[in-house]
Amino acid sequence: MINKCLFPAAGYGTRFLPATKAMPKEMLPIVNKPLIQYGVEEAMEAGCTGMAIVTGRGKRAIEDHFDISYELEHQINGTHKEQQLEGIRALMQNCSFSYTRQHEMKGLGHAIYTAQTLIGNEPFCVLLADDLCINRGGRGVLAQMVELYAKYQCCIVAIEEVALEEVHKYGVILGQEMAKGVYQVQNMVEKPKLEEAPSNLAVIGRYILTPDIFEVLKHTPPGKNNEIQITDALLQQAQDKLVLAYKFEGKRYDCGSVEGFIQATNDFYQLQR
Ligand code: G1P
């Protein structure tokens, strides 16, 4: 249904310095797997095979991760350590990876616009790898959203309820609930102050976008923090068309923060034991 997943991965990861000084934040491991690999696995489960990654300076480790390392393969060939590469090998066989660079950090909307050349004229998923999501025993968040897309064929954002003191970190929506957990977006504000927040329904790093969003982004002026915001483009879209917000099943960890990262590490470690 949806073939491509876009991974904006050009950000500096300043909340995780000094670990992210020379290493992309998307390569931070939860137990023994980097965040971006969890993201690619979730996208694959949702039916995507084309992984489009927006990188920037200092992000080459991501490209190397999804490539063959001849020396390493040679070194561990025939040993029990080969097992540890099985997951990533399968993933490389089944997916294609394409990259483009965002030269300047001008916001998530700008990163998505930069990827137009990789996406073309088709609907696509967007996954922010530092939001790590799991749904134990059930389908992943993107797979849930693709199913919803099959019904409505419109832009969809994933949302969750957050504490009111947290709304300033997120895009926040106001919506009319039209089915259980499915809201028609009526308003959307990027990182509002508590008193300006339309609700406590926060957008998390999973989107399905239709390709007409590129034309909207092209004309979206810089918003919050002087950056081009996908939130503003989606609000524009919501004024003309249906845009949905979906309360997903599962749990999200904000792995761009130390607290979320530690929580995810502990939970995933327990799960693997
Ligand atoms: C971005 C979006 C924001 C969204 C968040 C989810 O913000 O701009 O609307 O709620 O991702 O993680 P960032 O966290 O990149 O500042």
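Residues numbered from 1 in each chain as written. Predicted model: local features only at pLDDT ≥ 70, side-chain atom pairs only at ≥ 80, totals over all residues. Heavy atoms only, no water.

Before going further, it helps to spend a moment on the pattern of salt bridges. Considering all chains together, one arrives at 16 salt bridges under this definition. As a salt-bridge pair, arginine 139 and glutamate 147 come within 2.4 Å of each other at their nearest N and O atoms. In this structure, aspartate 212 and lysine 241 form a salt bridge, with 2.3 Å as the shortest nitrogen-oxygen distance. Of this pair, aspartate 212 sits in the loop between strand S11 (201–209) and helix H8 (213–218) while lysine 241 sits in the loop between helix H9 (230–240) and strand S12 (243–247), and the two are 29 residues apart along the sequence. Relative accessible area serves as the criterion here: at 27%, aspartate 212 is assigned to the partly exposed category. The class of lysine 241 is partly exposed, set by a relative accessible area of 42%. Bridged by salt links that share partners, the residues Glu73, Glu82 and Arg89 form one connected network. (Salt bridge = Lys/Arg side-chain N within 4 Å of Asp/Glu carboxyl O. Helix = DSSP H or I, 4+ residues; strand = E, 2+ residues; numbered from the N terminus. Buried < 20%, exposed > 50% of the residue type's maximum accessible area, 1.4 Å probe, protein only.)

Two numbers describe a pair of packed helices, the interaxial angle and the distance between the axes. Closest axis-to-axis distance for the helix H1 (residues 35–45)/helix H4 (residues 86–94) pair is 11 Å, and the angle between their directions is 50°. Classified by the angle between their axes, H1 and H4 sit oblique to one another. In the packing of H1 onto H4, the handedness of the crossing is left-handed. Facing Gln37, Val40, Glu41 and Met44 of H1, the residues of H4 in contact are Gly87, Ile88, Leu91 and Asn94. (Axes fitted to C-alpha atoms, helices over the stretch in contact; angles between N-to-C directions. Parallel < 35°, antiparallel > 145°, perpendicular 65-115°, else oblique. Left-handed = near helix turned anticlockwise from the far one by under 90°. Contact = heavy atoms within 4.5 Å.)

This next bit is on the nonpolar core. Soluble globular proteins: nonpolar side chains tend toward being buried together. Ranked by internal contacts, the top residues of the largest apolar core, which has 40 residues, are Cys5, Phe7, Ile36, Met51, Phe66 and Ile156. Counting residues per element, this core draws most heavily on helix H7 (residues 141–152), at seven residues. Ignoring anything within four residues of it in the chain, the contact list for phenylalanine 66 reads Ile36, Gln37, Val40, Ile53, Ile88, Leu91, Met92, Phe97 and Tyr99. Membership of the second largest hydrophobic core comes to 34 residues, among which are Val126, Ile213, Ile230 and Val243. (Core = buried A, V, L, I, M, F, W, Y, C linked by side-chain atoms within 4.5 Å.)

It is worth spelling out the site of the ligand at this point. Within the structure, the ligand sits among 13 residues, and Asp131, Gly171, Glu190, Lys191 and Val203 are positioned closest to it. Between the ligand and glycine 171, the relevant distance is 2.9 Å, taken from an oxygen atom to a main-chain nitrogen or oxygen of the residue. Side-chain polar atom of glutamate 190 to an oxygen atom of the ligand: 2.7 Å apart, as the coordinates give it. Here the ligand, which alone exposes 380 Å², has 76% of that area covered by the protein. By residue number, the principal contributor to the shell around the ligand is S11, which donates four residues. Broken down by class, the residue content of the shell around the ligand amounts to six nonpolar, four polar and three charged. (Near = heavy atom within 4 Å. Polar contact = N/O pair within 3.5 Å; in protein donor to acceptor, adjacent residues only side chain to side chain. Areas by Shrake-Rupley, 256 points an atom, 1.4 Å probe, with all protein chains shown as cover. Nonpolar A, V, L, I, M, F, W, Y, C, P; charged D, E, K, R; others polar.)

Below, the discussion takes up the UniProt feature "domain: Nucleotidyl transferase" (unreviewed entry) in the protein chain. Taking the numbering used here, the UniProt-annotated feature "domain: Nucleotidyl transferase" (unreviewed entry) corresponds to residues 9–267. Taken end to end, residues 9–267 is 32% helix and 26% strand, and its two terminal C-alpha atoms sit 24 Å from one another. (UniProt positions renumbered as here; feature names shortened; annotations may be inferred.)

What follows covers the pairing of strand S10 (residues 182–190). For strand S9 (residues 171–179) and S10, the ladder comprises eight bridges, and the chain directions are antiparallel. Each residue of the ladder has a partner; that of isoleucine 173, found in S10, is methionine 188. Counting the residues between successive antiparallel strands, the hairpin from S9 to S10 contains two residues, one of them, glycine 181, with a positive phi of roughly 75°. Sheet topology note: the S10/S12 ladder contains three bridges and is antiparallel. Within S12, the residue paired with tyrosine 183 across the bridge is alanine 245. (Pairing = 2+ DSSP bridges.)

The subject of this paragraph is the pairing of strand S6 (residues 124–127). For a regular strand, side chains alternate in direction, first toward one face of the sheet and then toward the other. Burial of S6 is two-sided: the residues Phe124 and Val126 facing one way and the residues Cys125 and Leu127 facing the other way are all buried. As judged from the four bridges shared by S6 and S11, these two strands associate in the antiparallel manner. Note that in S11 the partner of phenylalanine 124 across the bridge is leucine 209.

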